Amino acid sequence: MKKLLIAMAFAVVGNVNAQVSFKPGVKAGYSASKITGYGGDYRSNFYIGGYGLLNLSRVYSMQFELMYLRQGVNNVNAVNNYDYNYNPQGMVKTDIPLDYLSLNFINKFSFDKFSVHVGPGLDIKVSEEEIGTYAAGGGVYYANPVYGINSDVDLTFNIGLGYRINDNLGVEARMRQGLIEPVYLNSYSYSSYNNVNRSFMVGLTYTFK
């Protein structure tokens, strides 16, 4: 009996080890991003990156990702400074482009050709356009920035679906929700809360053998 249990244990361990593998890959696609609570339009752009897929079983894999992702929001209404009578001095529209280097840890659950992706991420801002200002004059008594940067990093939550076309090529769709307010908009036309990044992405993946 003891020998049988030992043999079964070795068989289980051997089966698990046979299923464990690591494969690198690349990914790219379209992204539509905005900062919630500010209104405006989605910023249409792209993402590109690479990943390492650690297969631990037929169902569960860990995917480590490094991506360049262009986020932000377009055509946001912003109110300039008030005059001495507290009257708003007009509306302007502005774009807020924010580009990030994104590190993600994705738990991947595979069911035949379909997969579910869930996991956290860390985004580090790598570029932004110069912040515009309202010029003094017309009741505005000093130049006032349209927006300011609140944080150069963001924590995210990722959820999505994937479809494996063949052993190498796949399609994925994902929603990314930021948790840290990226900018402060000098405006009274938006919610004071939940002004965070949100992106919808769809693209192709290629896993090397």
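Counting starts from 1 at the beginning of each chain's written sequence and moves along it residue by residue. Under the rules for a predicted model, residues below a pLDDT of 70 receive no local features and side-chain atom pairs below 80 are neither given nor counted, while totals for whole chains, interfaces and linings still include all residues. Side-chain measures here rest on the full set of heavy atoms in the structure, leaving out hydrogens and waters.

A few words now on the environment of Asp 99. Think of it this way: any DSSP run of H or I at least four residues long counts as a helix, any run of E at least two long counts as a strand, and we number them from the N terminus. Secondary-structure assignment places Asp 99 in strand 4 (residues 91-111). Here's how the labels work: a residue is buried when its accessible area is under 20% of the maximum for its type, exposed when over 50%, partly exposed in between, all with a 1.4 Å probe on protein chains only. For Asp 99, a relative accessible area of 5% translates into the label buried. Note on definitions: a residue-residue contact is assigned when non-hydrogen atoms from the two residues lie within 4.5 Å. Those residues in contact with Asp 99, other than ones at most four positions away along the chain, are Arg 43, Tyr 68, Leu 69, Arg 70, Gln 71, Ile 124, Lys 125, Val 126 and Ser 127. Think of a polar contact as two N or O atoms within 3.5 Å of one another; within protein, one of them needs to be a possible hydrogen donor and the other a possible acceptor, and neighboring residues in sequence only count if both atoms come from side chains. Within the local environment of Asp 99, its side chain forms a polar contact with the side chain of Ser 127, the two groups lying 2.9 Å apart.

A separate point is unusual backbone geometry. At Asn 75, a residue that is not glycine, the phi angle is positive and equals roughly 55 degrees. Unlike most non-glycine residues, Asp 112 shows phi in positive territory, near 60 degrees. Relative to the helices and strands, Asp 112 resides in the loop between strand 4 and strand 5 (114-128). Overall, the relative accessible area of 69% leaves Asp 112 in the exposed class.

When DSSP finds two or more bridges between two strands, those strands count as paired. Note: strand 1 (residues 21-35) against strand 12 (residues 197-207), 11 bridges, orientation antiparallel. Bridge pairing in strand 12 places Tyr 30 opposite Val 202. Sheet topology places strand 10 (residues 169-178) next to strand 12; nine bridges connect them, and they run antiparallel. Counterpart to Ala 173 in the pairing with strand 12 is Val 202.

On to the pattern of salt bridges. Throughout this description, the term salt bridge denotes a Lys or Arg side-chain nitrogen within 4 Å of a carboxyl oxygen of Asp or Glu. Taken as a whole and judged by the stated rule, the model has nine salt bridges. Of the charged contacts in the structure, one is a salt bridge between Arg 70 and Asp 99, with a shortest N-O distance of 3.5 Å. Placement of Arg 70 in strand 3 (residues 60-79) and of Asp 99 in strand 4 is noted, with a sequence separation of 29 residues between them. By relative accessible area, which is 23% here, Arg 70 ends up partly exposed. Taking the shortest distance from any N to any O, the salt bridge between Lys 125 and Asp 152 comes out at 3.0 Å. Here the residue Lys 125 occupies a position in strand 5, and Asp 152 occupies one in the loop between strand 8 (147-149) and strand 9 (153-164), the gap between them amounting to 27 residues. Under the relative-accessibility criterion, Lys 125 is labelled buried at 15%. You can call Asp 152 partly exposed: its relative accessible area is 43%.

The pocket and cavity definitions rest on a 1 Å grid over protein atoms only: a 1.4 Å probe that fits but cannot leave marks a cavity, an open set with protein on both sides within 12 Å along at least five of seven lines marks a pocket, and residues lining either have an atom within 4 Å of a point. Grid points are joined across faces, edges and corners, and a volume is the space filled by probe spheres set on the points. Of the voids in this model, the largest pocket is the one considered here, and its volume is about 670 Å³. Looking at the lining of the largest pocket element by element, the count peaks at four residues for strand 10. Note on residue categories: nonpolar means Ala, Val, Leu, Ile, Met, Phe, Trp, Tyr, Cys or Pro, charged means Asp, Glu, Lys or Arg, and polar means any other residue, Gly included. Partitioned by chemical class, the residues of the lining of the largest pocket number eight nonpolar, 15 polar and eight charged.

This part covers the nonpolar core. The term nonpolar core refers to a set of buried residues drawn from Ala, Val, Leu, Ile, Met, Phe, Trp, Tyr and Cys, joined through side-chain atoms within 4.5 Å. If you look at the biggest cluster of nonpolar residues, it comprises 11 residues: Ile 35, Tyr 38, Val 73, Val 76, Ile 96, Leu 98, Tyr 100, Val 146, Tyr 147, Val 183 and Leu 185. Among the secondary structure elements, those contributing two or more residues to this core are strand 3, strand 4 and strand 11 (183-185). Considering each element in turn, this core owes the most residues, three residues, to strand 4.

To continue, consider the side chain of Ser 199. The residue Ser 199 is located in strand 12 in this model. When its relative accessible area of 0% is taken as the criterion, Ser 199 is described as buried. Polar side-chain contacts of Ser 199 include one of 2.6 Å to the side chain of Gln 71. Excluding anything up to four places from it in sequence, Ser 199 contacts Ala 32, Ser 33, Gln 71, Arg 174, Met 175 and Arg 176.

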